Structure formats: C-alpha cells, structure tokens
Amino acid sequence: MRGKGKSGFSEAGVRRLREVLARHVESGRIPGLLALVSRGEETHVEAIGTMRHDGGAPMRRDTIFRMASTSKPVAVAGAMVLLDECRLRLDDPIDRWLPELADRRVLKRADGPLDDTVPARRPITVRDLLTSTFGLGLDMTAKDAPMMGALFERGVYGQEDGWLLPASEPDEWMRRLGTLPLMYQPGERWQYNLSNDVLGVLVARVTGQSFEDFLRERIFDPLGMKDTGFHVPADKIDRLPPLYAPDPQTGEFKVEDEAEGGHHSRPPAFQSGGGGLDSTVDDYHAYFRMLLNGGMHGTQRILSRPAVELMTTNRLTPEQQAAIQAWARNVVHLSHGLGQHGGWGFGMTVRTCRGDYAPIGQFGWDGGTGTTTYADPDNQLVGILLTQTGMSTPDSARAIHDFWTTLYQAIDD
C-alpha cells in the first residue's frame, strides 16, 4: 500500500491534540471522550473526562460506545466476505434472497404520492445495495416527502419511544419495506442508511446465520474485536456510558439512552448494519488497520485486497456525488465539512476532493452519537474519536472537526 515507511507523530503535535480535546471537555459541553490515533507502528490513546455528565467514573480505554452510523464501514465487511467467496456477485439481482424487493414500483416523482408509480426498469442488484443506490433511503433533502413519513408510519424506522433503529424482526421488517415503492430507479441516486440495513438481512439469508453470528465468525473474532456486537452484555454494561442529547437552547444534558435498561443493554430484534454496533477504540483500530493493510491482519487474510480496494474507492458518478453533498449540508454533524467529501465506496465515504486538512483517498464515516472513524492510505493513518454526546447540538461536531485538524498537524515527516 502507499505510504509505507512513514514515521509517526511529533510530540508537540500529540500534546496539542490532547490540549484541544481537553478544552472541549473542560467547556462542560461534552462529559468525556476517547481518541485513538495511529500511524505505522505508533499509537496514542487519550481518555479525557467522565462517563457521566455529573462526574463519577472516568473515561477508560476500554469504554464501549454506541457507534451509530460508524457501524456502516464495519458491517459492510460481511457482504464483502460473501463476494470474495462467490456466494454473492456484484450484479446479481437480489430477488432470490429478498423476494420482498422483487418487481418494484418506483415513484414518478420522489416527493410525489405513494400510489403514483411506474415499474422499475430493472431488478435491484447487490451492487445497488453496496453503493446505497437501490432506490430508497433516508433523504434529508426531502424531509416532507410522503415517503419519508411512510417509512416511520409503516414501522420501517422508529420505535414507540422515538428510537430510530428498526424495532421488528428482519422478516417482518422486510415485509413492511416491501409494501413501499422506491423513490428512484435502482442504481440512479445515492440515498442514506436503508441499504445498509437491507444488506444485513441479505447476509443473514445467504449464510443461514444471524448477521451478528456471521460477522463475529468472519470479522470480529479473527480481528480480536472482543467488545464489538449489537448489544452490550450485562457483565460489560458498566463500561457503556449513557447517551446524552443536550438541549440545543440551554445545553442541559438529557439522557437519550441509559446504559442499564437502555436500548443497547439487550439483544435487538433487528441487527442494524446501518447504526446498531457497540464497540471500542481498539476494536475499531484493528478493523481499520486491516483495511489499510489490504485485508491482512498479521499473517491472516480477512478480506481480499481487491475487496478492500472496491470498498475504499469512490463508486459514484458526479451527479450521485452531488446528492451526497446536498444531503450532508442538511445534517447537523456533517455540516462542518465532514461528510462532504464527494464520494462513496461500499458502506463508507471516500474523499475525492480536498476541502480541509485531510487528503484525497481518506475513507470512513461519522455517527450521530458523536463518533468519527477514518483511515488515510497516503499517511498510513487511523483516527478515531468517540463521545457519548449525540449530534443534536454542534458541540460534538466541533470537537470532531478540531480532532482532525490537530491530528493532521501532528504528522511528523
């Protein structure tokens, strides 16, 4: 891979990074955070602040976080294993495994009524799911479209207490999804999130295992990701902080999800590849290092080099890339420049233009619970910042922005 032989970070740069992150915690707007930066053989971890906003146990290196949408770059690896083994093919129609999505109807206008449709021009393919272009998704540029309301009214997304992730078992979830038309023709437009959840169902049906069991067998266990899964077991729940959603006006901390008794304290009905994983900085570091190493973990091959290259290379047309940028401008935690990289591979963004300190080729994603994880092939660098503060206010977004700015200044060549 490119960038072999690079040195690590300057001492002054790492010190500045720590000081900048500490200021965000000292401001009182973020209770605590965990940052990991690595380059070549050099790794630094900073645990700052506390698990709860009112003090108590400090953040530790093994603190477990709700990864939210940073689940996507990891969960997509299940489908990549099946591509490597020829159990799936990129341009195979998915009808065989997901008959609920066969013979689709498509809205004449994306913001039009649900009964004003035309037939799909072709079946949905595996490639459409991997690139988030299968024709349906969460669209922040069309919040008032009838389809956006229908996704929640029919129980595809949302739970009674307002929690976003799916609440029903995979087969029932697919049945509900199958009652809706597509917003766009298959392969036409990039749309967010839904395809990642469909991919999890696809992997489970192809393998005959639960999505989590397959990921554990083929990805998590081989990489030593011992704290990664779709819920936090009782013997580890003390390592999961509450998830806070600060009041945008007052800054008052409101608990959006408690640790004990919360959404992540029990196995979910639906294992969401779009946003359901819990993990640690070291587990995620092992995964992103594997990607930087072309699919290798030590002497063990996890994914083929071509699979990694497919995942981490832009797969979209310029018109589809424009849709990502328009969408990102409407999302609080991406509106500071993060997420507006222009490209998308499989399950993650890929930077195709340079708009801040990070270079073209950087890949990864951000999450609505205050998480960000990217790798940079040119500099052989991984950066991970995890907080327990949701993105309803800009505070976590500013901390993430400052993390990447100071991290790239710390490179010492």
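Residues numbered from 1 in each chain as written. Predicted model: local features only at pLDDT ≥ 70, side-chain atom pairs only at ≥ 80, totals over all residues. Heavy atoms only, no water.

Caption draft 1: Summary view of the side chain of Lys 72. By the element assignment, Lys 72 lies in helix α2 (residues 72–75). In this structure, Lys 72 is buried with no salt-bridge partner, the nearest side chain bearing the opposite charge being Asp 197 at 7.0 Å. Here Lys 72 is in contact with Tyr 192, Asn 193, Asn 196, Gly 273, Gly 274, Gly 347 and Trp 365, once residues within four sequence places are set aside. (Helix = DSSP H or I, 4+ residues; strand = E, 2+ residues; numbered from the N terminus. Buried < 20%, exposed > 50% of the residue type's maximum accessible area, 1.4 Å probe, protein only. Lys, Arg positive; Asp, Glu negative; His and termini not counted. Salt bridge = Lys/Arg side-chain N within 4 Å of Asp/Glu carboxyl O. Contact = heavy atoms within 4.5 Å.)

Caption draft 2: Fine view of the packing of helix α1 (residues 11–26) against helix α12 (residues 395–409). Look at α1 against α12: their axes get within 9 Å of each other, and the N-to-C directions meet at 170°. The orientation of α1 with respect to α12, classified from their angle, is roughly antiparallel. Counting all contacts with α1, which are made through Arg 16, Leu 17, Val 20, Leu 21 and His 24, the residues of α12 involved are Asp 395, Arg 398, Ala 399, Asp 402, Phe 403, Thr 406, Leu 407 and Gln 409. Its residues assigned to classes, the contact of α1 with α12 comprises six nonpolar, three polar and four charged. (Axes fitted to C-alpha atoms, helices over the stretch in contact; angles between N-to-C directions. Parallel < 35°, antiparallel > 145°, perpendicular 65-115°, else oblique. Nonpolar A, V, L, I, M, F, W, Y, C, P; charged D, E, K, R; others polar.)

Caption draft 3: Here's a closer look at the pattern of salt bridges. Within the structure shown, the criterion is met by 25 salt bridges. Note that Lys 236 and Asp 227 form a salt bridge whose closest N and O atoms lie 2.7 Å from each other. The burial state of Lys 236 is the same as that of Asp 227; both residues are buried. Each of Arg 60, Asp 62, Asp 227, Lys 236 and Arg 239 takes part in salt bridges that share partners, so that together they form one network.

Caption draft 4: Structural context of the environment of Thr 406. As for its position among the elements, Thr 406 is in helix α12. The residues contacting Thr 406, other than those within four sequence positions of it, are Arg 16, Leu 17 and Val 20. Side-chain polar atoms of Thr 406 contact the backbone oxygen of Phe 403, separated by 3.2 Å. (Polar contact = N/O pair within 3.5 Å; in protein donor to acceptor, adjacent residues only side chain to side chain.)

Caption draft 5: Summary view of the packing of aromatic side chains. Enumeration according to the criterion identifies 14 aromatic pairs in this entry. Judged by centre distance (4.7 Å) and plane angle (50°), the rings of Trp 173 and Phe 270 are tilted. Of this pair, Trp 173 sits in helix α6 (residues 170–178) while Phe 270 is found in the loop between β8 (255–257) and β9 (278–279), placing the two residues 97 residues apart along the sequence. Residue class for Trp 173 comes out buried when judged on its relative accessible area of 0%. Chaining the aromatic ring pairs together yields one cluster made of Trp 190, Tyr 192, Trp 344 and Trp 365. (Phe/Tyr/Trp six-rings, centres within 6.5 Å; stacked < 30°, edge-to-face > 60°.)

Caption draft 6: Just the side chain of Ser 272, in detail. You can see Ser 272 is positioned in the loop between β8 and β9. Judged by its relative accessible area of 1%, Ser 272 is buried. Polar side-chain contacts of Ser 272 include one of 2.7 Å to the side chain of Asp 197. At 3.3 Å, the side chain of Ser 272 forms a polar contact with the backbone nitrogen of Gly 274. Residues in contact with Ser 272, not counting those within four places in the same chain, are Leu 165, Pro 166, Asp 197, Phe 230 and Leu 277.

Caption draft 7: A look at empty space enclosed by the protein. Inspection of the entire model under this criterion finds three cavities of 30 Å³ or more. Quantified by volume, the second largest cavity comes out at close to 50 Å³. Lining the second largest cavity, in full, are Leu 138, Asp 139, Thr 141, Arg 189, Trp 190, Gln 191, Tyr 192, Ala 323 and Trp 327. Grouping the constituent residues of the lining of the second largest cavity by class yields five nonpolar, two polar and two charged. (1 Å grid on protein atoms, 1.4 Å probe; cavity = no way out; pocket = protein on both sides within 12 Å on 5 of 7 lines; lining within 4 Å. Points joined across faces, edges and corners; volume = space filled by probe spheres on them.)

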